[in-house]
Amino acid sequence: MPDALGTPNSRLESLTLVPHATGLAAKDFKSDQEVRWCPGCGDYAILAAFQAFLPTLEVPRENIVVVSGIGCSSRLPYYVNSYGMHSIHGRAPAIATGLAASRPDLSVWVITGDGDALSIGGNHLIHALRRNVNIKILLFNNRIYGLTKGQYSPTSEQGKVTKSTPFGSLDYPFNPVSLALGAEASFVARSVDSDRKHLQSVLTAAADHQGAAFIEIFQNCPIFNDDAFAPIKEPSAPGLIRLIHGQPVRFGPNGSLGLVQGPYGSLQAVEADAVPEPELIVHDVTRDDPSYAFALSRLDSSDFSHTPIGVFRSVPRQSYDSLMAAQLEQAQAGGDGDLATLLAGNDTWHVG
Amino acid sequence: MTKQVQELDHVVIRFAGDSGDGMLLTGVRFTQETAVFGNDLSTLPNFPAEIRAPAGTLPGVSSFQLHFADHDILTPGDAPDVLVAMNPAALKANIKDLPRGKDLIVNTDEFTKRNLQKVGYATNPIEDGSLSAWHVHAVPLTSLTVKALEDQDLSRKDAERAKNMFSLGLLSWLYGRPAEGTLNFLEQKFGKKPEIYKANVTAFNAGWNFGETTEAFSVRYEVKPAALKPGRYRNITGNTALAYGLIAAGKLAKLPLFLGSYPITPASDVLHELARHKQFGVRTFQAEDEISAVGSALGAAFGGALAVTTSSGPGIILKMETVGLAVATELPLIIVDVQRAGPSTGMPTKTEQADLLLALYGRNGESPVPVVAAASPSDCFNAAIEAARIATAYRTPVILLSDGYLANGSEPWLLPDVASLPDLSQDFAFATSQTHVNGDGEFRPFKRDPQTLARPWAIPGTKGLEHRIGGIEKADGTGAISYDPDNHDLMVRTRQAKIDGITVPDLAVDDPAGDASLLVLGWGSTYGSIGAAVRRSRRAGYKVAQAHLRHLNPFPANLGEVLRHYDKVLVPEINLGQLALLLRGKYLVDVISYNRVRGLPFQAAELAGAIEEVLAHA
C-alpha cells in the first residue's frame, strides 16, 4: 500500500475493474450548477479539493458516482459533473451499497455529515463499514445541524447551547473515528477542510483501499458553529498530530512530543527526549487489531490538546462486492441458468 | 380383507399437531402425492408465529389443510372432511371446525393425563363420549410407529419422530395416493443418514399396511384425477412463484436482478428462494434493516438493475420514504408487500389485505405509485412479471401485493411455455443513446418519452449522460433543482399523468348469460373464495357476475362502465372496505362491502351467504 501521505505510482488497487481515462482536469468535474453554500463555508474548500483530486483517479467521469444524504454537505453531488444522487436523510450508504455491489466498474463516493451519518443514518453507516462494500465515505463534521439552522448534532460537545438546547445539550458526543473503528471499518482516516494537500493525500489513500473507507473531515460552519476547529487550524498547531505511516509519531512545539504505551492499551503523550527511542510509537496503519488505532482516536480531547489527523487504519480485507461477484461467477461457471428447468423443478406431472 | 372403496368428488383433510410434530411436512408430502395423482388441489397452512411454542399447548398447534378434487377447485375448503389430531391440543383447537359426522383420526398415545390437563380437558374426550357426533378413528400412532421400528437401532426419540410418516402412510392408503414420490423425497432428504431414511420408510409402509389390515378403517376412498387443462404441471406456493416471476422478469427484460431484503414473516421465503439462484446472475443482499433493503435496491436500479425489495406491512411502511425518492427520481423499482394481519406486529403468520391504502397513499406529497395484486399462489408468477413490465417501461416504483395466504398456500400450476412469455426488453438504448442530448450536447435527464412519459434511464458508465438526480424538485426537462411554483405544479401533474396513463388490460367480467344484476368484485387472494362462492350461488339459481382486479392503480379504463352496468356491486375484502372506499371516491358508485378480518381467507359458504343476502334485498 502507498504511504499515507504519498501518491501511488501505479493505478489504484481498488479501481482495477473501473475503466481508465487520462487527461481530465478539475474543471471537467465542475457541473453547471451554481454552488449555494454560505460564504466562508468549509464545504467550498472540500469541494475544490475533491474536484482537483478526481482527475488523479484516472477514471472516466461517467464511471464516478457521488451519492449523498440530506444536509448542507449532501448538496455536493449537484456540483460535481459525474453521475450523482442526492438521496434521503441518512440513507446514502445503503443506496451506495446497492450500487457498488451490483456495479464493480464504478468508483462510488458517499458524501455525508455528522447528523446525516451519525444520527438518522447511524445504522447504515456501521453496517456499510463492517461489510466492507467498496464505497468511500466522506463525513463532513461541523458538529452542528446547519441546514435546519443550528441545532446541536451527535458530535456537538456536551453543554452546547443551541436553539433546541437553550440550557445546554445533555447528550455525550460520538467520536466518529472511534465509532468507525468499533464498526470493523478496514480504512479510517481524518482530515481538515482547510488543509487541501493533506485532504487530497487522504482521499488518495482511501481510493486506493479495497473496500469501505471512512474519512472524517473537520469542516467549519461559519454561521452556526464558527471556529469549532480553530485550535488546530494552524499548520503548526501544537495539538495537531499528523500521522504518517512508518514514521514515529511526533508533534507539539518543534516536534518535541511523542507517544508511548500507557496503561490498559492507551497511548500517552510524552517529551520524546525523556524516553528511550524504542519506546516511542511508530505509526503503523496496517495493524490487524484495531486497538492501536482506537487508542489513537481516544487521544482526542474537547480542547484539541491532542488531535490526530491522517490515516488511522488501513488493513486489507476482501470487499463485499468482490465476494458477491465471486459467488455469482462460481454459480455461473457451468453456464447461465435455464428458466424452463427452474420453473419445472423436480416434481412435475402430465395431464392429457 | 377386502375393503370397501367409496368414490368421492372432493375431500378436505386437515392435519393438526404440535409445531414440532412435522405436520407441515406431512401435509406438503400428501399434497405432492395428490398433485402427482392428478387431482386439482388447494392448500392452507396455518401456524403460530412462535417457532416452537411449548409442546402440547394450544398456542403451539399448527395445521395444514388440503382440499383436493376430481374437478377444478378454487379454495382450500371451508371445513375439513377429515381431521387428523396428533394430540389433545390439536383436537381442542380444531374440533369446532369439523362438521358433525365427519372423520376424526386421533393419536391416542398423546392423550395422557398431563397432556389433557395442559389444554383443560377434565376427562379424556376419546373415552367420555364427547366425540360421539364424529366418526372417530382412535389410533395409537406413536406406539405403533415405535413398535414398527423396534428392531432398528434408534433412540426412542428418533423412533417417535417418525410418527408423521406413519400418519402419512396411513392417509396415503386411505385415499389411494401414489407413494413413489414420497419414497424418493425421503431418499433425497435422508440419503446421507441411512438409519433415519430407513426408519422413515419403515414408518411410512407400516402406516400404509396398518390401514390395509386394521378394522379401524373399513372404507378407503377414491378421488379420481381432475380433468385439468392438458399440459405439464407442478405444485407451487405463492412465494416460490413470486421469486420465479422475478427471475423470469429479469431474463425477459435482459436486466440483472437485484434483491435487497430484510427477513420478515411471511415474505422471507422469497429472499430464500432468490438467494439459491445465483446461476441466473441474481444478486441478493440481506440488509441491516428494511430501509437499507429498499435503499440498496434503489441504488442498484440507478445502476441499471431490475431492482426489487420484499417485505410485509411493518417493513413496507419503513420503506415508503425511499419509495418516495424512487417516485421523485423516476427509477424502476419493485416493492413486494406480502401482507399480513396488522396493525403493528399484528398476527405475523395470518393473512390480511389491509395494506391497499398504504400502497396507494402511504407517502408524503403527491406520490403516485402503480399497484398490482396477485390472485392465487401460481398467479404470483404473472403478477411479478406484470410489475416488472410497468416498472421498467414507465421508470417507476411499482408495489406488488401478495399476502400470507398466497405466500404459503399452494396449487397445481400449468407450467408456462417460456418462449411465449412477454418480451420485456425495450430500447433501453433510449436510456443510453444520445437521443435526449440537445444540439449543444447537453443531456436532459427529465425529457420524456411522449407516449409513456417515461424519462431516460441513463445508467452510470454511459459517456455523455452524466447527470445528478435526487429528492429535490427538478426542472422539467433539465432535471436541475427548481423551486419554481409553476414548474412544481407541472411536475406534480406530469408524474400523476404518467401513472394514470399506464396501459392496463380492461377488466374481464364473468357473467355467463349477461343478465346478472349483481357483480361481485374483488382483488388479490380472495379470487378463489369469491369464485367458489359465485359458483355456489349460481348452482342455487342466482344470477351473479364476477370480476377480479389485478390493477389497483391505475384501475382498468372500463372499470367505471362495468360498475355502472350492474344494479348492485358487492366488494368482499379482508379489510374494512379499502377498495370500496376507492371505488366510491372515484366512480361515485354505492358499492356494498363485505368484510371479515380474522387472519384467514374467506370461506366460500359465507361469501355465498353474503351474495344471496344482497340479492334477497334486491
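For every chain, the first residue of the written sequence is number 1, and numbering continues from 1 onward in sequence order. All chains are assigned letters beginning with A, and all ligands numbers beginning with 1, in the order in which they are written. Local features are withheld for residues below a pLDDT of 70 in this predicted model, meaning they are given only at 70 or higher, and side-chain atom pairs are given and counted only at 80 or more; totals for whole chains, interfaces and linings count all residues.

**A short note on the overall build of chain A**
Along the backbone of chain A there are nine helices and 12 strands. A radius of gyration in this sense is built from C-alpha atoms; the matching globule rule multiplies 2.2 Å by the number of residues raised to 0.38. A globule of 352 residues ought to have a C-alpha radius of gyration of about 20 Å, and chain A, at 22 Å, matches this closely. Partly exposed residues are those falling between the two cut-offs: more than 12 but fewer than 20 other C-beta atoms within 10 Å of their own, whereas 20 or more means buried and 12 or fewer means exposed, with C-beta atoms placed from the backbone. Of all 352 residues assigned to chain A, the portion counted as buried reaches 50%. With C-beta atoms placed from the backbone, a contact is any residue pair whose C-beta atoms sit within 7 Å. Taking all contacts inside chain A whose residues are at least 6 apart in sequence as the whole, residues at least 24 apart take part in 69%. For the purposes of this entry, the term helix denotes a DSSP run of H or I that reaches at least four residues, the term strand denotes a run of E that reaches at least two, and both are numbered from the N terminus.

**A look at the overall build of chain B**
When helices and strands are counted, chain B shows 21 helices and 23 strands. Against the compact-globule benchmark of 25 Å for 618 residues, chain B has a radius of gyration of 27 Å, which places it among compact chains. Buried positions account for 55% of the 618 residues belonging to chain B. Put simply, 76% of the contacts in chain B that link residues at least 6 apart link residues at least 24 apart.

**Some remarks on helix 6 (residues 163–174) of chain B**
Residue and element names in this part refer to chain B. Spanning 12 residues, helix 6 covers 16 Å between terminal C-alpha atoms, matching the ideal 16 Å at 1.5 Å per step. Of all 12 residues that make up helix 6, 12 are buried, and the element is covered over most of its length. Along helix 6, the positions that sit buried rather than exposed are K163, N164, M165, F166, S167, L168, G169, L170, L171, S172, W173 and L174. Positive phi shows up at G176, right after helix 6, with a value of about 60 degrees. To estimate how far a helix should reach, multiply one less than its number of residues by 1.5 Å.

**Focus: the interface of chain B and chain A**
Frequently, the measure chosen for interface size is the accessible area removed from exposure when the parts meet. On the side of chain A, 51 residues touch chain B, which itself brings 58 residues to the contact. Per-element accounting of the side of chain B that touches chain A gives the leading share, nine residues, to helix 11 (residues 290–302) of chain B. The class makeup of the residues in the side of chain B that touches chain A is 27 nonpolar, 20 polar and 11 charged. Ten residue types, Ala, Val, Leu, Ile, Met, Phe, Trp, Tyr, Cys and Pro, are classed as nonpolar, four, Asp, Glu, Lys and Arg, as charged, and the remainder, Gly among them, as polar.

**Observations regarding the confidence of the model for chain B**
This prediction gives chain B a mean pLDDT of 94; 97% of its residues lie at or above 70. Here the predicted complex scores 0.93 on pTM and 0.95 on ipTM. Every residue is assigned a pLDDT by the predictor, reflecting its confidence on a scale from 0 to 100.

**Thoughts on the nonpolar core**
For this analysis, nonpolar core means a set of buried Ala, Val, Leu, Ile, Met, Phe, Trp, Tyr and Cys residues linked through C-beta atoms within 7 Å. Grouped together as the largest cluster of nonpolar side chains are 210 residues, with contacts concentrated most on B:L298, B:A384 and B:L400. In this structure, B:L298 is in contact with A:I95, A:G98, B:A307, B:T322, B:L325, B:A326, B:L331 and B:L333, ignoring residues within four places of it in sequence. Among the nonpolar cores identified, the runner-up in size contains 53 residues, and B:F30, B:V36, B:A89 and B:W208 belong to it.

**Focus: the pairing of strand 9 (residues 231–237) of chain B**
Walk down a regular strand and you will see the side chains alternate between the two sheet faces. Judged by how many residues are buried, strand 9 of chain B sits mostly within the fold: five of seven residues are covered. Judged from the four bridges that link them, strand 12 (residues 348–351) of chain A and strand 9 of chain B form a sheet pairing that is antiparallel. Within the sheet, the bridge partner assigned to A:H350 lies in strand 9 of chain B and is B:R232. Pairing between two strands requires that DSSP report at least two bridges joining them. Pairing of strand 9 of chain B with strand 16 (residues 410–414) of chain B, which is carried by five bridges, proceeds in the antiparallel orientation. If you follow B:Y233 over to strand 16 of chain B, its bridge partner there is B:L414.

**So, the packing of helix 9 (residues 238–253) of chain B against helix 10 (residues 268–275) of chain B**
Residue and element names in this part refer to chain B. Think of each axis as a best-fit line through the C-alpha atoms, taken over the contacting stretch in the case of a helix, with angles from 0 to 180 degrees between the N-to-C directions. The contact between helix 9 and helix 10 brings their axes to 8 Å, and the two run at 50 degrees. Here helix 9 lies oblique to helix 10, going by the angle between them. Judged by the twist between their axes, the crossing of helix 9 over helix 10 is right-handed. Note on element contacts: helix 10 touches helix 9 through D269, V270, E273 and L274, opposite N239, T240, L242, A243 and L246. For the contact of helix 9 with helix 10, a count of residues per class yields five nonpolar, two polar and two charged. Here the word oblique covers every angle except those under 35 degrees (roughly parallel), over 145 (roughly antiparallel) and from 65 to 115 (roughly perpendicular). Note on convention: near helix rotated counterclockwise from far helix by under a right angle means a left-handed crossing. Clockwise means right-handed.

**Quick word on the pairing of strand 19 (residues 518–523) of chain B**
All names here are of chain B. Within strand 19, six of the six residues are buried, leaving the element largely enclosed by the surrounding structure. Pairing analysis gives six bridges linking strand 19 to strand 20 (residues 544–549), with the strands arranged parallel. The residue bridging W523 from the neighbouring strand is L549, located in strand 20. A clockwise course of the path from the first strand over the helix to the second, judged with the strands pointing away from the viewer, identifies a crossover as right-handed. With respect to chirality, the unit in which strand 19 leads through helix 18 (residues 527–539) into the neighbouring parallel strand 20 is right-handed.

**Considerations on the sheet that holds strand 14 (residues 371–373) of chain B**
Whenever strands of a sheet pair, they do so through backbone hydrogen bonds, lying parallel or antiparallel. Residue and element names in this part refer to chain B. Strand order across the open sheet formed by seven strands is 11-10-12-13-15-14-21, with mixed pairing between neighbours. Each of the sheet's edge strands pairs with one partner strand only, and the pair in question is strand 11 (283–286) and strand 21 (551–553). Averaged over all neighbouring strand pairs, the angle between strand axes comes to 20 degrees, with direction disregarded. Judged from the four bridges that link them, strand 10 (residues 257–261) and strand 11 form a sheet pairing that is parallel. Counterpart to G260 in the pairing with strand 11 is F285. Along the sheet, helix 10 contacts strand 10, strand 11, strand 12 (306–311) and strand 13 (333–339); its crossing angle with strand 11, the most-contacted strand, is approximately 135 degrees. On the sheet, helix 12 (residues 313–329) packs against strand 12, strand 13 and strand 15 (397–403) and is oriented at approximately 160 degrees with respect to strand 13.

**Structural notes on the packing of helix 1 (residues 23–37) of chain B against helix 7 (residues 180–190) of chain B**
Residues and elements named next belong to chain B. One way to put it is that helix 1 packs onto helix 7 with a least axis distance of 9 Å and a crossing angle of 135 degrees. Between helix 1 and helix 7, the angle falls in the class oblique. Handedness of the helix 1/helix 7 crossing: right-handed. Touching R29, Q32, E33 and V36 of helix 1 are G181, T182 and F185, all from helix 7.

**A short note on the sheet that holds strand 22 (residues 568–573) of chain B**
All names here are of chain B. The five strands are arranged 18-20-19-22-23 in an open sheet whose pairing can be described as mixed. Looking at strand neighbours, the two that pair on one side only are strand 18 (509–510) and strand 23 (592–595), the edges of this open sheet. Relative to strand 23, strand 22 runs parallel, the two being bridged by four bridges. Looking at the pairing, E573 lines up with N595 of strand 23. In the packing of helix 18 onto the sheet, the strands contacted are strand 19, strand 20 and strand 22, and the crossing angle to strand 20 comes to about 170 degrees.

**A short note on unusual backbone geometry**
Look at the link from B:T265 to B:P266: it is a cis peptide, with omega at 0 degrees. The phi dihedral of A:N132 falls on the positive side, at around 65 degrees, and the residue is not glycine. Within the element layout of this structure, A:N132 appears in the loop between helix 4 (122–131) and strand 4 (135–141). Judged by C-beta crowding, with 23 C-beta atoms within 10 Å, A:N132 ranks as buried. For A:F304, which is not glycine, the phi dihedral falls at a positive 60 degrees.

**Some words on the environment of B:A226**
Residues and elements named next belong to chain B. Tracing the backbone through its elements, the reader meets A226 in the loop between strand 8 (219–223) and strand 9. With 21 C-beta atoms packed within 10 Å, A226 lands in the buried category. Filtering out sequence-adjacent residues up to four positions away, A226 remains in contact with G38, N39, D40, A69, D70, H71 and D72.

**Some remarks on the environment of A:A295**
With respect to the element layout, A:A295 can be found in helix 7 (residues 291–297). Considering only alpha carbons, one finds A:A295 and A:V80, 215 residues apart in sequence, at a separation of 36 Å.

**A look at helix 2 (residues 92–102) of chain A**
Counted residue by residue, helix 2 of chain A has 11 buried out of 11 residues, so it is predominantly covered. All of the buried residues in helix 2 of chain A are A:A92, A:P93, A:A94, A:I95, A:A96, A:T97, A:G98, A:L99, A:A100, A:A101 and A:S102.

**With respect to the confidence of the model for chain A**
Mean pLDDT over chain A stands at 94; residues scoring 70 or higher make up 96%. Here residues 1–9 of chain A is a poorly scored stretch, pLDDT under 50, and it has 20 contacts once near neighbours within four places are set aside; other chains count.

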